[in-house]
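# What the coordinates show
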Amino acid sequence: MDVPIEVIRSNVAAALEEDLGTGDLHKDLILDDSPVRGTIITRSSGILCGTAWVNEVYRQVSEEVSVEWIHEDGAALNPNDQLASISGPPSALLAAERNALNFLQLLSGTATRTREFVQLIAHTKAKILDSRKTIPGLRLAQKYAVSVGGGTNHRIGLFDAILIKENHIAACGGIQSAVYRAREVHPGVFVEVEVENTDELVQAIRSKADRIMLDNFKVLQLREAVRLARSYSTFADEAIELEASGGIDRSNVVQVAETGVDCISLGTLTNDVESLDFSFGMSR
């Protein structure tokens, strides 16, 4: 996915305002602010992501800084790989350092975790999806990182798709009523239904939702759900997409994917990120 430059600028502006406040007190410690060169290297393996945010950090701090990338987003990294060469006044490089690395380590960590899950189930047809469980204010950034890691983006928010959950179903008087209402008031919008058992699954199938989320289904239940959905698809000549969600991690994601579900959504991609380790060094 592409992230609008306005979003990147807003992400960076908020981070710099939080960190720099009224100004970097350390600037007054620098006696010689003539240009120097710095490098960013990685201390760990993973997938690079976030170069546009790094570029914007340096741009907003000082127009005198230039950044040259050796690798692009999506590149596989090894420990001690040099990623970028940066030149400019030391006051600017030091003021930008922490925020540049923060964006880089978070988004690279998100992309790396996503790539791990994608590779684990590469022998199946299932896709890895993200969720709305993102760091506030950085949803598009993290969803971009998921796409860089080879994952697929679920809905961005409450505005671009409808996911009918338990409370929606109760308020509408049932699954079919909820789906029909969604189609009526928002024609053409993608509609998904979350179900918690086989009875609800059958109702969701009959409602002709675009996708059905199987919440916390065990492996045997997932297999039965796939069988039911395929039987209906054959009868009605309509494909039904199934999404497994809840209680899925590295220990069971392969088993889940091998049941035949179409996609697997994982909040851990964005809300439980292990950041990659990057380092910045500077010399004249």
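Provided above is the structure to which this section pertains.
Described in the following lines is the structure provided in the data block. (Residues numbered from 1 in each chain as written. Predicted model: local features only at pLDDT ≥ 70, side-chain atom pairs only at ≥ 80, totals over all residues. Heavy atoms only, no water.)

## Looking at the overall build of the protein
Broken down by element type, the protein carries 10 helices and 12 strands. Projected onto the principal axes, the alpha-carbon positions of the protein cover approximately 75 × 40 × 25 Å. For the protein, with 284 residues in total, the buried portion stands at 48%. Pairs at least 24 apart in sequence give 73% of the contacts found in the protein among residues at least 6 apart. For the protein, the exposed surface amounts to about 14200 Å²; the carbon and sulfur share of it is 49%. When the 27 basic and 40 acidic side-chain charges of the protein are each reduced to a single mean position, those positions are 5 Å apart. (Helix = DSSP H or I, 4+ residues; strand = E, 2+ residues; numbered from the N terminus. Buried < 20%, exposed > 50% of the residue type's maximum accessible area, 1.4 Å probe, protein only. Contact = heavy atoms within 4.5 Å. Areas by Shrake-Rupley, 256 points an atom, 1.4 Å probe, with all protein chains shown as cover. Lys, Arg positive; Asp, Glu negative; His and termini not counted. Charge placed at Lys NZ, Arg CZ, Asp CG, Glu CD.)

## A word on the side chain of Asp-81
Mapping Asp-81 onto the fold places it in the loop between β4 (76-77) and β5 (82-88). Arg-43 provides the closest opposite charge to the buried, salt-bridge-free Asp-81, at an N-O distance of 11 Å. Within the local environment of Asp-81, its side chain forms a polar contact with the backbone nitrogen of Asn-78, the two atoms lying 2.8 Å apart. Leaving out residues up to four positions away in the same chain, Asp-81 has contacts with Ile-40, Ile-41, Thr-42 and Ala-76. (Salt bridge = Lys/Arg side-chain N within 4 Å of Asp/Glu carboxyl O. Polar contact = N/O pair within 3.5 Å; in protein donor to acceptor, adjacent residues only side chain to side chain.)

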